[in-house]
Amino acid sequence: MSSLALYESMSTVSAAMVEAARANDWDRLVTLEREMAALRDEIMRTTNASHEALGNAEAARKAELIAAMLKDDVEIRKHVEPWLASVRKLLSGNVRDRAVRAAYGAFGP
């Protein structure tokens, strides 16, 4: 598969990641992120091995795809960061609770 085709695939996965983030479908988002990582790794392998030269039109398309994926990343983060903040808050509360129980003993159920 050419590197441009791999970038096309990454762009498709990136768009699906945006939809998963908007839907708060975290399991799907994780699955898609793994797929994205595999595509990235494949690009790294093929780029290092082939030194494929792109024409002007292909280079422009590659730049468009990368720009679109960067926009997708901003959109994904907009949905993921508030969720991560709430998870951090929940986890820090549990950690504090365990620390208090460990320090003073459990005085209840």
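About the cut-offs
Starting from 1, residues in each chain are numbered consecutively following that chain's sequence as written. Where totals are concerned, whole chains, interfaces and linings use all residues; where local detail is concerned, this predicted model gives features only for residues with pLDDT of at least 70, and gives and counts side-chain atom pairs only at 80 or more. Each side-chain value is worked out from all heavy atoms of the structure, with water and hydrogens disregarded. A run of H or I in DSSP counts as a helix once it spans at least four residues, and a run of E counts as a strand once it spans at least two, with each numbered from the N terminus. Each residue is placed in one exposure class: buried if its accessible area under a 1.4 Å probe, protein chains only, is under 20% of its type's maximum, exposed if it is over 50%, and partly exposed if it falls in between. Using the Shrake-Rupley algorithm and a 1.4 Å probe, accessible areas are obtained, with residue cover drawn only from the displayed protein chains. Two aromatic rings from Phe, Tyr or Trp, using only the six-membered ring of Trp, form a pair when their centres are within 6.5 Å; if the ring planes differ by under 30 degrees the pair is stacked, by over 60 it is edge-to-face, and anything between is tilted.

Asks: For this particular structure, what's the right way to read the overall build of the protein chain?
Replies: Counting secondary structure elements, the protein chain contains three helices and zero strands. Across the protein chain, helices and strands are ordered from the amino to the carboxyl terminus as α-α-α. Per-residue burial for the protein chain yields a buried fraction of 24% across its 109 residues. When the accessible surface of the protein chain is summed, it comes to about 7700 Å², and 59% of that surface belongs to carbon and sulfur atoms.

Asks: Can you walk me through unusual backbone geometry in this structure?
Replies: Most peptide bonds are trans, and most residues other than glycine sit at a negative phi. Phi is positive for Asn24, which is not a glycine, with a value near 55°. Mapping Asn24 onto the fold places it in the loop between helix H1 (3–22) and helix H2 (26–50).

Asks: Whenever I open this one, the packing of aromatic side chains confuses me. Can you help?
Replies: Aromatic rings considered in pairs are described by the distance between their centres and by the relative angle of their planes. This model, assessed by the stated rule, comprises one aromatic pair. Considering the side-chain rings of Trp26 and Trp83, the 4.7 Å spacing of their centres and the 25° angle between planes classify their relative orientation as stacked. One end of the pair, Trp26, is in helix H2; the other, Trp83, is in helix H3 (residues 56–104), and 57 residues separate them in sequence. The partly exposed category is assigned to Trp83, whose relative accessible area is 34%.

Coordinates in, geometry out; function isn't part of it.
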